[in-house]
Amino acid sequence: MINQLITELVTYGLQNNLIHPDDQVYVTNRLLELFEVMEYKEEPAAPREISIILEEMLAYAFEHGILKEDTITAKDLFDTKIMGILTPPPSVVRKTFAEKYQSSPKEATDYYYAFSQATNYIRRDRIAKDEKWVTDTEFGPIDITINLSKPEKDPRDIARAGQAKKSGYPSCLLCMENEGYAGHFSHPARQNHRIVPITLGNEQYYLQYSPYVYYNEHCIILNEAHIPMKIDKVVFTKLLDFVRLFPHYTAGSNADLPIVGGSILSHDHFQGGGYVFAMAKAGYEHTFSLKGYEDLTAGIIKWPMSVIRLQGEDPARIAQAADHILECWRGYTDEEAYIYSETAGEKHNTITPIARMHGELFELDLVLRNNITTEESPWGLYHPAAQYHHIKKENIGLIEVMGLAVLPARLKKEMAVLEEAILNGRDLRADEMTEKHADWAEEWQQRCEVTPENIHSIVQEEIGRVFVKVLECAGVYKRTEEGQQAFRRFLEAL
């Protein structure tokens, strides 16, 4: 059996250009060593999905005592070790990427994305489990996803991680030192992980894909140094630099403050990818002339959050204008609108920036953020309101800001139980799993005629409506006459 599996895996590596024919015997012998096999004879078989081959290899390894535990984390550590044997070294990947980039940036990223899937670094079988749909709203089609690709931790894994000796290497999950790292019970294995160097704003960065791609070609752009995130003019320059290098991609940054950051704030990084978000499709609702930057198009876009969009031919001018807006916003207070730049020495105002190409023009969206908390809103005043926590209570980060909801895995089961309870006329408040959804469900049941055929689509539609409300909560200027007047006061301050 193991002979056949090794033959299958090596054949897979050859077919997906992970193994050069000259390295076939070498890779085979590395696998024989890993599985402690003394005798080998090629046993060809019909090609199968990589996840199936690996699952059978894991079963063999556990049965023969090579894999000591059959927990999810233990298996992930071992199957990544297997794939690491097939994965070419960084120098080969970088050379191929550079060669393909000479033909076109898209050819280079197409190669790299396919490679990251072929190595099982992006686990396609898990991502396929994510539930996705689109909800039509007044702001255009909004993307909703329930994230099911991250497996739940086994209690045995949690115990092992707690007992494991803490290590400061790599410093975090984003550090370049993760490339090829074996990992342990509290840090994922990365033997099949390769990163590509790029230069942004005269600084060294690396491009990689997210192992849990929330959207097409979801990439991460990480600083070579483990330094904290910071939003400033240099960041605007780097984001615009990135879309110049990869005009078919979007690039953005989470904000640099807790609550509105929604990310790993300890390591400077951006996120991007080959996907057109709903936010990018939103048009100008109101344009204005920005003094000193009349060569740029500036305006507010029609979006649940408070967004200023800049367009122009010169990225340096856009970065300068964005820096002007950022500096004004950092120090801006409007007590009438309950916007305070700082309280008790703690700064509250920052920006979530997103860059893209719009035809021949550079485009930069600046999402105004504020992380102030109150006694009534300890999670943050501009955070999802408590009435929506049954759907989404996590921070609103870059991906959500752009119009893609990343909702917790618990919703999959909760919505299935809710639908069944409604169809069978059960008391929603009698079940702990549906009780928190009861008010919401009773409200839309009054508007909708529910049938067994349409209840699932209705639930999806109503979840999408809640997500729009969540984005409106995160907007510092509400979409009311009073809120828009306050927004205009800030524009005047610019």
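Right above here is the structure, for reference.
Attention in this report is confined to the structure presented alongside it.

What counts and how
- Residues numbered from 1 in each chain as written.
- Predicted model: local features only at pLDDT ≥ 70, side-chain atom pairs only at ≥ 80, totals over all residues.
- Heavy atoms only, no water.
- Pairing = 2+ DSSP bridges.
- Helix = DSSP H or I, 4+ residues; strand = E, 2+ residues; numbered from the N terminus.
- Axes fitted to C-alpha atoms, helices over the stretch in contact; angles between N-to-C directions.
- Contact = heavy atoms within 4.5 Å.
- Buried < 20%, exposed > 50% of the residue type's maximum accessible area, 1.4 Å probe, protein only.
- Core = buried A, V, L, I, M, F, W, Y, C linked by side-chain atoms within 4.5 Å.
- Salt bridge = Lys/Arg side-chain N within 4 Å of Asp/Glu carboxyl O.

Topic: the sheet that holds strand β6 (residues 250–252)
Pairing between the strands of a sheet is mediated by backbone hydrogen bonds and can be parallel or antiparallel. Reading across from one edge, β3-β4-β5-β7-β6-β13-β14-β10-β9-β8 is the order of the 10 strands in this open sheet, with antiparallel pairing throughout. Looking at strand neighbours, the two that pair on one side only are β3 (196–200) and β8 (284–288), the edges of this open sheet. Pairwise comparison of adjacent strand axes, ignoring direction, gives a mean angle of 25° for this sheet. Pairing between strand β10 (residues 307–312) and strand β14 (residues 361–370): 6 bridges, direction antiparallel. Residue pairing in the sheet places Ile308 in a bridge with Leu366 of β14. Where helix α6 (residues 105–118) meets the sheet, its contacts fall on β3 and β4 (203–209), and the angle it forms with β4 comes to roughly 55°.

Description of unusual backbone geometry
Omega for the bond connecting Tyr169 with Pro170 falls within 30 degrees of zero, at -15°, which places this linkage in the cis form. Despite not being glycine, Asn120 has its phi angle at roughly 70°, a positive value. Structurally, Asn120 is set in the loop between α6 and α7 (124–127). For Asn120, a relative accessible area of 5% translates into the label buried. Phi is positive for Glu217, close to 55°, though the residue is something other than glycine. With respect to the helices and strands, the residue Glu217 is situated in the loop between β4 and β5 (219–223).

Points about the side chain of His348
Tracing the backbone shows His348 in the loop between β12 (346–347) and β13 (349–358). A residue is classified by how much of its surface remains accessible, and His348, at 2% relative accessible area, is buried. Look past the residues within four positions of His348 in its chain and what remains in contact with it is Leu257, Tyr340, Ser341, Glu342, Thr343, Arg369, Asn370, Asn371 and Ile372.

Overview of the nonpolar core
Soluble globular proteins tend to pack their nonpolar side chains together in the buried interior. The biggest cluster of nonpolar side chains holds 97 residues, and the ones touching the most others in it are Phe35, Leu207, Ile221, Phe242, Tyr477 and Phe490. In contact with Phe242, other than residues within four places in its own chain, are Ile198, Leu200, Leu207, Cys219, Ile221, Tyr249, Thr250 and Ala251. Counting residues in each nonpolar core, the second largest holds 49 residues, with Tyr215, Ile301, Leu471 and Cys473 among its members.

Thoughts on the sheet that holds strand β15 (residues 404–407)
Taken in spatial order, the 3 strands make up an open sheet running β1-β2-β15, and their pairing is mixed. Each edge of the sheet is formed by a strand with only one pairing partner; in this case those strands are β1 (131–137) and β15. Pairwise comparison of adjacent strand axes, ignoring direction, gives a mean angle of 20° for this sheet. By the bridge criterion, 4 bridges tie strand β2 (residues 140–146) to β15 in an arrangement that is parallel. When the sheet's bridge partners are listed, Ile146 is paired in β15 with Leu407. Strands β1, β2 and β15 of the sheet are contacted by helix α16 (residues 455–474), whose axis makes an angle of about 65° with β1.

Here's the deal with the pattern of salt bridges
Under the counting rule described, the total for this entry stands at 33 salt bridges. A salt bridge links Asp365 to Arg356; the nearest nitrogen and oxygen atoms lie 3.0 Å apart. Accessibility assignment for this pair places Asp365 and Arg356 in one class, buried. With its nearest N and O atoms 2.8 Å apart, the salt bridge here joins Arg447 to Glu443.

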